[in-house]
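What follows is the residue order along each chain.
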Amino acid sequence: MTHEHPWRLRRAIALWVALGLAAFVLLPWYFLQSGGLGAALSGVWGGTATASGWTQSWSHHRVWLASGLAGLLLAGTALLSPHARWQGLLLCSGSVLGLAGLLLSGFAIGMVGWSWDWLNALMGPTELTQPGMGWGGFVMVVCLLALLSIGVTRLGGFKGDAFVAGAVLGCAALLALFVVYPVIKSLMGSVLNDEGQFAAAALWERIGTARIWGLGCVVSQSRCGVAWNTLGLALLTAAGTTFLGTLIALWAEREAKRLARPLNILAMLPIITPPFVVGLGLILLFGRAGLYNQFMEWAFNIEPTRWFYGFFGVWLAQLFAFTPIAFMIMRGVVQGVSPSMEEAAQTLRANRMQTFWSVTLPLLKPGLANAFLVGFIESMADFGNPIVVGGQFAVLSTEIFFAIVGSSLDPGMAAALSLILTLFALVVFFIQRRVLGKGSFTTVAGKGDAGLPMPLPAAVRKLCLGVAGPWLLFTLVVYLFAFAGGFVQTWGRDYTPTLNHFRTAFDVQWGEYGWVWAGTAWNSLFTTLSLAAMAAPICAGMGLLIAWLLARTEFRGKASFEFSALLTFAVPGTVLGVSYILAFNVPPVELTGTGLIIVLCFVFRNLPVGVRAGTAAFKQLDRSLDEASLMLRANTLTTLRRVVLPLIKPALVAALVYSFVRSITTVSAVIFLVTAQYELSTTYIIGRVGNGDYGVALAYCTVLIVLMSCSTLLVQALVGERKLGRRATPAAH
């Protein structure tokens, strides 16, 4: 059990109370629609736009804000009590009072009075109004949460560890606000009728149709419902991506050591480009006018058809797009398998194949389960590939997309279909938990491990070479097409080499006042890089922190906490984007039209991969490592920084790289959030494709591929490789 020294706790309580009071008195309470924080600080005693909470309460008659101050002062009285239990009661009571008062008033009172009709009917119209919460309100809420976490530990919660309590409560609050709340707000539309009234029958009217649940073959749209199409495609995609990702990881880590870095780069290519580029490359190869059909017509006089469009095309495109995610997860897990365990099996006269099946493969089980789950949910949430190459093969994500942006404009139908996707993800999530159970998969312990990784059995090596090799070669071919498209005048008609497309997008000129970024794409590129760079470390840090909490701590609601962290992968990106607009366009949190809402969408959209990669890594670390550090009187934060973090570097790289590159290449989640001020790379490319300017679009994609490849190498170089104290494998002669 970890206990903080009493004087440290008193100092922490005093600091949080002082910070909360300062925020209430000195910071603008509400969201600033224009101008910066520095300009607003001079007006904290003035008008309603920039006034602090103190001024808003007493000068502008928003007395409900005083509930936060009252809760803070009540929590501060804990400094006067010498008893831990009374301190905990006072801290918890004050924090809950302040948070409840601020949140309830924030949701109940909006820009035009009461936010809920029943309040208007109960209490009559009101002239009370307020915009969304700003810096002052945000800092006050953080302080109240910190005091609540200290109070919980003083009452004996979380084994007296204030850091763990703060991490759980803080992450839970962020997940509740930026994941659960917007998704529930969007899904609630499934049980509302066209007039916005609650009607449970409306849900069945929307989804209880043969188009959704019709029985038949998965690959035949005419006989199979959209729900079964989605489920069958997701299962096959998850199985395929897990299989391919595992083979590539085994090959890169156990056999092709000299080729490990090129293999890593090649396997990562599909993840560093927008998804519609993958679809375009596949169409150039297998479409009606693609090279494959042209060759078949020339060689065998087979008339070109649209055979590629449909289930097979979508499945191939999703394998292509999501295998890198499985590879990133499995690479760290393969690295973590202890060679001494394999050597022990061989000492007992097991051959390489027996050792692989009885020792190596079972130790990969957490990674396999996590890779399968992420592949399954990614497949269900994907709509770019089904739209590009799906043809008549419909899935739930495309149905949701057309319900949102189509002529029907039926958000209720989109919400109902999103509910089905969420239920599918929930079922697979619990199956995965049951498969893993409470088994132990520890492979990295406190003892030194000087064993050599076992070479792959001959059959497994041949399988890797025969499957992973051609797949990586196929990846290279598709991206050669993408590169070539930006260097020719017009693909398919005029193959004259040119750099005009790059000049249009990224021209730089010397003017009277120095260098001028004259290209039309610079603004979108700079905006995208800055927002993605802000989102990536937050996403990676929070994802690994949540993974550590799930792997090393026990608390009530742990399963709900875990699923909340995974929920953003269970809904299509378009639904998440619309959910953010619905949730954060009105008080108490107004973010629509800002760059912050895009950063938050990046963070929580990509959070699940960091959580799953971290969970797989933590399952391999022996708890004795943490316990030894704590026994040496290191606190939890020091243990994380000095012991745990160096051992999960592959998971950290996976989380950083994935969150950064997917923030740059995402389309669906942010398509409704961008503005003229915050144009992103993907929206610029979509605009060019819509205008038929494929050369500039492909040139931009080429720049993104090079840029993100360099970024991936930079992240890997900065983070480095973990050191497990194992001997190096001798070079093959």
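As shown above, the structure is provided for reference.
Attention in this report is confined to the structure presented alongside it. Owing to the predicted nature of the structure, the values given are computational and were not obtained by experimental measurement. Within any chain, residue numbers begin from 1 and follow the written order of that chain's sequence. The model is predicted, so local features are restricted to residues of pLDDT at least 70 and side-chain atom pairs to those at 80 or more, both for listing and for counting; the totals for chains, interfaces and linings are taken over all residues. Side-chain numbers come from the whole structure's heavy atoms, not from hydrogens or water.

### Some thoughts on the side chain of Thr 666
And then number 1: Tracing the sequence through the fold places Thr 666 in the loop between helix H30 (649-665) and helix H31 (681-690).
And then number 2: Each residue gets one of three labels from its accessible area relative to the maximum for its type: buried under 20%, exposed over 50%, partly exposed in between, using a 1.4 Å probe on protein chains only. A relative accessible area of 13% means that Thr 666 is categorised as buried.
And then number 3: Note on contacts: a residue pair qualifies if any of its non-hydrogen atoms lie within 4.5 Å across the two residues. When residues no more than four places from it in sequence are discounted, the contact partners of Thr 666 are Phe 602 and Thr 682. Put simply, DSSP H or I for four residues or longer makes a helix, DSSP E for two residues or longer makes a strand, and each gets a number counted from the N terminus.

### Focus: empty space enclosed by the protein
And then number 1: With a 1 Å grid laid over protein atoms only, a set of points is called a cavity when a 1.4 Å probe fits there but cannot get out and a pocket when it is open yet has protein on both sides within 12 Å along at least five of seven lines; lining residues have an atom within 4 Å of a point. Grid points are joined across faces, edges and corners, and a volume is the space filled by probe spheres set on the points. Within the structure shown, the criterion is met by eight cavities of 30 Å³ or more.
And then number 2: Within this model, the largest cavity holds a volume of roughly 110 Å³.
And then number 3: Lining the largest cavity are 11 residues, with Phe 327, Met 328, Arg 331, Val 653 and Gln 716 positioned closest to its centre.
And then number 4: For the lining of the largest cavity, the elements supplying multiple residues, two or more each, are helix H12 (260-268), helix H15 (311-336) and H30.

### Describing the packing of helix H18 (residues 365-381) against helix H27 (residues 595-618)
And then number 1: At a closest axis distance of 8 Å, the pairing of H18 and H27 adopts a crossing angle of 165°. With respect to their mutual orientation, H18 and H27 come out roughly antiparallel. For the element pair H18 and H27, the recorded crossing hand is right-handed. In contact with Pro 366, Gly 367, Asn 370, Leu 373, Val 374 and Ala 381 of H18, H27 contributes Arg 605, Val 609, Arg 612, Thr 615 and Ala 616.
And then number 2: Tallied by class, the residues present in the contact of H18 with H27 amount to six nonpolar, three polar and two charged. Each axis is a line fitted through C-alpha atoms, and for a helix only the stretch in contact is used; angles between axes span 0 to 180 degrees, taken between their N-to-C directions. Our angle categories are set so that under 35 degrees counts as roughly parallel, over 145 as roughly antiparallel, 65 to 115 as roughly perpendicular, and the remainder as oblique. When the near helix sits turned anticlockwise from the far one by under a right angle, the crossing is termed left-handed; a clockwise turn instead gives a right-handed crossing. Note on residue classes: Ala, Val, Leu, Ile, Met, Phe, Trp, Tyr, Cys and Pro are nonpolar, Asp, Glu, Lys and Arg are charged, and everything else, Gly too, is polar.

### With respect to the pairing of strand S5 (residues 508-511)
When a strand is regular, its side chains alternate between the sheet's two faces.
And then number 1: Strands qualify as paired when DSSP identifies two bridges or more between them. In this sheet, strand S6 (residues 514-517) lies alongside S5 in antiparallel orientation, the contact comprising four bridges. Bridged to Val 508 within S6 is Trp 517.
And then number 2: What sits between the antiparallel neighbours S5 and S6 is a turn of two residues.

### Here's the deal with unusual backbone geometry
And then number 1: Cis peptide bonds are those with omega within 30 degrees of zero, and the linkage from Pro 587 to Pro 588 qualifies with 10°.
And then number 2: Assignment of secondary structure puts Pro 588 in the loop between helix H26 (573-583) and H27.
And then number 3: One non-glycine residue, Phe 158, adopts positive backbone phi at about 55°.
And then number 4: Among the structural elements, Phe 158 can be located in the loop between helix H7 (135-154) and helix H8 (162-187).

### Description of the nonpolar core
And then number 1: Residues Leu 175, Leu 282, Phe 474, Ile 546, Tyr 580 and Phe 604 are the most contacted members of the largest nonpolar core, which totals 177 residues.
And then number 2: Put simply, buried Ala, Val, Leu, Ile, Met, Phe, Trp, Tyr and Cys residues joined by side-chain atoms within 4.5 Å make one nonpolar core. Within the second largest apolar cluster, 26 residues are counted, among which are Trp 64, Leu 69, Ala 78 and Leu 102.

### Let's talk about the packing of aromatic side chains
And then number 1: Each Phe, Tyr or Trp ring (for Trp, its six-membered ring) is paired with any other whose centre lies within 6.5 Å, and the angle between the two planes then decides the class: stacked below 30 degrees, edge-to-face above 60, tilted in between. Counted under the stated rule, the structure contains 38 aromatic pairs.
And then number 2: Measuring from ring centre to ring centre gives 5.7 Å for Phe 311 and Phe 393, while their planes differ by 70°; the resulting arrangement is edge-to-face. With Phe 311 in helix H15 and Phe 393 in the loop between helix H19 (384-389) and helix H20 (396-405), the pair connects residues that are 82 residues apart, well separated along the chain.
And then number 3: Note on Phe 311: relative accessible area 15%, which makes it buried.
And then number 4: In this structure Phe 393 comes out as buried when scored by relative accessible area, which is 5%.
And then number 5: Between Phe 320 and Phe 474 the ring centres are 5.7 Å apart and the planes differ by 70°, which places this aromatic pair in the edge-to-face class. Linking Phe 320 in helix H15 with Phe 474 in helix H22 (residues 458-485), this pair joins segments that are 154 residues apart in sequence. Residues Phe 320 and Phe 474 agree in their burial class; the two are buried.
And then number 6: Taken together, the ring pairs connect Phe 286, Tyr 292, Trp 307, Phe 308, Tyr 309, Phe 312, Trp 315, Phe 320, Trp 471 and Phe 474 into an aromatic cluster.
And then number 7: Definition used: whenever NZ (Lys) or CZ (Arg) falls within 6 Å of the ring centre and also within 35 degrees of the ring normal, the charge is taken to sit over that ring. Over the ring of Tyr 309 we find Arg 306, and its NZ or CZ is 4.3 Å from the ring centre.

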